[in-house]
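# Architecture at a glance
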Protein chains: 4
Amino acid sequence: MRVKLLSHTNDPEKIVAAAARCCYSNDDPDNLLESLTDDRVEKFLSKLVEMKHESPFEHASFTFSISGVSRALLAQITRHRVASFSVRSQRYCEFKDADFVLPDSISRDPRASEIYLESLKNLKSTYDSLLEFGIPKEDSRMILPNAAETSMVLTMNARELLHFFSLRCCSRAQWEIRAVANEMLKLVKNVAPNLFRRAGANCIRLGYCPEGKMSCGKFPTLEQILNDFNERKSNQ
Amino acid sequence: MRVKLLSHTNDPEKIVAAAARCCYSNDDPDNLLESLTDDRVEKFLSKLVEMKHESPFEHASFTFSISGVSRALLAQITRHRVASFSVRSQRYCEFKDADFVLPDSISRDPRASEIYLESLKNLKSTYDSLLEFGIPKEDSRMILPNAAETSMVLTMNARELLHFFSLRCCSRAQWEIRAVANEMLKLVKNVAPNLFRRAGANCIRLGYCPEGKMSCGKFPTLEQILNDFNERKSNQ
Amino acid sequence: MRVKLLSHTNDPEKIVAAAARCCYSNDDPDNLLESLTDDRVEKFLSKLVEMKHESPFEHASFTFSISGVSRALLAQITRHRVASFSVRSQRYCEFKDADFVLPDSISRDPRASEIYLESLKNLKSTYDSLLEFGIPKEDSRMILPNAAETSMVLTMNARELLHFFSLRCCSRAQWEIRAVANEMLKLVKNVAPNLFRRAGANCIRLGYCPEGKMSCGKFPTLEQILNDFNERKSNQ
Amino acid sequence: MRVKLLSHTNDPEKIVAAAARCCYSNDDPDNLLESLTDDRVEKFLSKLVEMKHESPFEHASFTFSISGVSRALLAQITRHRVASFSVRSQRYCEFKDADFVLPDSISRDPRASEIYLESLKNLKSTYDSLLEFGIPKEDSRMILPNAAETSMVLTMNARELLHFFSLRCCSRAQWEIRAVANEMLKLVKNVAPNLFRRAGANCIRLGYCPEGKMSCGKFPTLEQILNDFNERKSNQ
């Protein structure tokens, strides 16, 4: 798995801060932008986060290269609809390099690894034979597994990224998309630390876990803190 | 492949016609709706199509059950973002029935069929063994191929359906999604013939083919008709 | 202000329940739909709400007629982007009936009412004169105020409605959009009580108020319950 | 009316080209990006436009400051849903400077100008009085006209911009949004000439006018070129 930040909106933090100020000011946005010092940007953004005024975060976009990931990950990540994807096509690209994802749960188990790798080899050879027999790539690929590696260019704006991280950095997310999300978070924090200061799984943002019975236990669930609050109140 | 229409907006044609009339009338939409006879709905919708006033088509939604389709189709269809999907999960559902899609190009070729079916049997048995070894479903599925069948509930509004059909009923679309699109078109035409009168591949809607060099040749390309027009004009 | 439910997806609750079950079942969605009794639908939907599995709610759409509302409301409501709108056009429809919205805060104050109504009369007469002078409708309307009434057809799916209600039924929302939202909520509860059982302002759904310092005080804020929880914990 | 380009994705053309190549290559997107020379970017982008492969254009975003525009323009532009807006709020900002848009059609007509400007003065004074009487800003603004100036920060990606220009640079679009669209087009052409080479009204992009009977006549309509083609063909 390789995740890189290819590009992003210039001056992302300043742009978001200027956009947010535009809502509450009679000044023109370009003047607001010019008048913003780094210090004021930081203060302004932390206030935005506190007030949950998220829409200005949409003005900053981030574009990633993601490669060496499974088609299973692809199926999950493309379900995020407020995002732009360009994905290597199995209809147009021959699957040549036989790169497959190997989950830890399988690599740790020698018996499992053996049949898994054997099976992958077998189906890659079937894929190659199908192509040789003249079967089109778009049909030959039917034999390719979820484990087959792919790569993509992905663009999301900062607001959608906050949402994406809240779901996909959670320990309930699948390991592969969680690893990708954590890498993405690291990369955007480098270039826009104030935009993503409280970014992460829902528990990081909310202070409690919204997953109910499925909670990992690191944070109290909403039910727990509400019950506690109500109990205490009725005892007073 | 099985496609069924599960539900749709009540009175889809009347609703779209009333919404369109609302743009040009001082009357309330509910009054406009009541005053619409079937005959006027039909005339109104054909005028809308002619004027390319498409936004009112968004008010009518259609919900489909699609099953017996490959995960390759899933990867394509979920790229349509103005749509709602509920998809059988390979993380939660064990892949039991070994239902795999068999492309015509493979079934027509005995050698190809043999290795394809053999390979599918092999990887299904690997999948079963991985589960037996205690590998979680979400990792065991890594060995499952694009051919593995899945099912989903899909909802699109009529405007997005028109767009979907324009791309996916085209002979350049992949055979599986084209077959699904054609089924969907048949089903919605039954319940809303006036909404979908000129629905279909781009050529059906436009009268020319926008695919340039990749055109199937059934319709003249845009380049052809434009060149022809300009040539004739310069000859006058 | 008049709000009516014009149409909606047939069998909205059953459709949502079948879509949700599809994610966890090897059965086809159309079979799942058939096998659902009303009783099981109800149980299933309350489980979905509890699990915060919201995406299946997208399969049920609801279409409203909204009229007698101000252009100020229009500016707010059209900012919801996961929605479809058909709106009476001031470019095409002459503003004839001089229907204007009168806010309570103004109607309660005789001095304010007097100048407000006088001003409205004045600008309506300016509008009529501009038209007489041959100024196009699209430019004459420049003099029309936010108070000018309009009407629209609006379609949202149940998931977006839940989100819409969480923001717009809140006491911090403006009075006019709050009134519209409350009417819409009443109407959808009539036809789909299980889908919208816990619908309403954020506090109704969450059990706490996420508005921080701007809270109306009816529910404890997140900060309050978290502080309380942490304090109690550190005391143990 | 003032339109400025505040920011955009770094290296927009290279990013789009790399994303497009990713679909057809086994190489990683970050490698593809590095290997792109300016010359190849240009060739690649013109091929994309020709092939109508538009989705990679989504990876480049552009953020504008738009000010000195009417609330009528706001109502139109915010109907584009694949876009991000931060708009000066009439609920929170007092309308102080009495800046109003003056359409040419009115400024050219002395009688119209007189009553228009008089009416604007009158309603601004009503607005001020309402505030003095203690009416909240959100209700006092009900008297403010469509002509009242506002400002906003707007972000759209290049694909949506192409769509926006195709509709709003057309002579059928209203003069104010057409002026804004033309300014935006000029600005993005400066920084990404290859992305926006054939951008503009639909006729510029298609070579014909899709507006049917409403056509301005600069380009032949689709009906004309199709009729011509079919006639000629039947004559052969």
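The sections below set out a description of the structure shown in this document.

### Let's talk about a nonpolar patch on the surface
A cluster of nonpolar side chains, namely A:Tyr24, A:Met51 and D:Tyr92, defines an oily patch on the protein surface of about 310 Å² accessible area. By the secondary structure assignment, A:Met51 is in helix α3 (residues 38-51). Overall, A:Met51 belongs to the partly exposed group, its relative accessible area being 44%.

### Here's the deal with the interface of chain B and chain C
Across the contact, 42 residues belong to chain B and 42 residues belong to chain C. Surface buried jointly by chain B and chain C totals about 3500 Å² across both partners, of which 49% is contributed by carbon and sulfur atoms. Among the residues chain B hides against chain C, the three largest losses belong to B:Asn26, B:His59 and B:Arg88. Together they make up 17% of the total. At the boundary of chain B with chain C, the tally comes to four salt bridges. B:Asp28 is paired through a salt bridge with C:Arg2; the nearest N and O atoms lie 2.8 Å apart. Put simply, chain B and chain C have 27 residue pairs in polar contact (both at pLDDT 80 or more) between them. Elements that contribute at least two residues to the side of chain B that touches chain C include exactly β1 (2-8), α1 (12-22), α2 (29-34), β2 (61-70), β3 (84-87) and β4 (149-157) of chain B. In terms of residue class, the side of chain B that touches chain C is built from 17 nonpolar, 16 polar and nine charged.

### Some details on the packing of aromatic side chains
Evaluation of the coordinates by the stated rule reveals 26 aromatic pairs over all chains. With centroids separated by 5.5 Å and ring planes inclined at 75°, the aromatic side chains of D:Phe62 and D:Phe196 adopt a geometry described as edge-to-face. Taken together, the residues D:Phe62 in strand β2 (residues 61-70) and D:Phe196 in the loop between α9 (175-191) and α10 (202-206) connect sequence positions 134 residues apart. Each member of the pair, D:Phe62 as well as D:Phe196, is classed as buried. Following the ring pairs from residue to residue traces out a cluster consisting of A:Phe62, A:Phe164, A:Phe165 and A:Phe196.

### Observations concerning the interface of chain B and chain A
Between chain B and chain A, the residue contacts involve 49 residues of the former and 49 residues of the latter. In total, chain B and chain A occlude about 4000 Å² of area from one another, counting both sides; carbon and sulfur atoms represent 54% of this. Considering only the surface of chain B that becomes buried against chain A, B:Phe133, B:Met142 and B:Asn146 emerge as the three largest contributors, covering 18% of it. Connecting chain B to chain A are zero salt bridges. Taken together, chain B and chain A are joined by 26 residue pairs in polar contact (both at pLDDT 80 or more). Those elements that provide at least two residues to the side of chain B that touches chain A are α4 (71-77), β3, α5 (104-107), α6 (110-132), α7 (137-140) and α9 (175-191) of chain B. Its residues assigned to classes, the side of chain B that touches chain A shows 25 nonpolar, 13 polar and 11 charged.

### Let's talk about the relation of the copies chain B and chain C
Mapping chain B onto chain C leaves a residual RMSD of 0.0 Å; the transformation is a rotation of 180° accompanied by 0.0 Å of translation along its axis. The symmetry that links the two subunits is that of a two-fold axis. Among all residues of chain B, the one whose C-alpha sits closest to the rotation axis is B:Thr9, at a distance of 2.0 Å. Comparing contact sets, 100% of the residues at the interface of chain B also lie at the interface in chain C, consistent with an isologous, same-surface contact.

### What to know about the pairing of β2(B)
Residues in a regular strand project their side chains so that they alternate between the two faces of the sheet. All names here are of chain B. Among the 10 residues in β2, 10 count as buried, and that is most of the element. Taken together, the six bridges between β1 and β2 define a ladder with antiparallel strand orientation. From the neighbouring strand, Leu-5 faces β2, where its bridge partner is Phe-64. Of the strand pairs in this sheet, β2 and β4 are connected by nine bridges, and their pairing is antiparallel. Residue pairing across strands places Ile-66 opposite Met-152, the latter belonging to β4.

Conventions and cut-offs
Residues numbered from 1 in each chain as written. Chains lettered and ligands numbered in written order. Predicted model: local features only at pLDDT ≥ 70, side-chain atom pairs only at ≥ 80, totals over all residues. Heavy atoms only, no water. Patch = residues over 30% accessible without salt bridge, like charges linked within 9 Å, V, L, I, M, F, W, Y side chains within 5 Å. Areas by Shrake-Rupley, 256 points an atom, 1.4 Å probe, with all protein chains shown as cover. Salt bridge = Lys/Arg side-chain N within 4 Å of Asp/Glu carboxyl O. Helix = DSSP H or I, 4+ residues; strand = E, 2+ residues; numbered from the N terminus. Buried < 20%, exposed > 50% of the residue type's maximum accessible area, 1.4 Å probe, protein only. Contact = heavy atoms within 4.5 Å. Buried area = accessible area lost by both parts, 1.4 Å probe. Polar contact = N/O pair within 3.5 Å; in protein donor to acceptor, adjacent residues only side chain to side chain. Nonpolar A, V, L, I, M, F, W, Y, C, P; charged D, E, K, R; others polar. Phe/Tyr/Trp six-rings, centres within 6.5 Å; stacked < 30°, edge-to-face > 60°. Least-squares fit on C-alpha atoms with pLDDT ≥ 70 in both. Pairing = 2+ DSSP bridges.

Read these as geometric descriptors, not functional statements.
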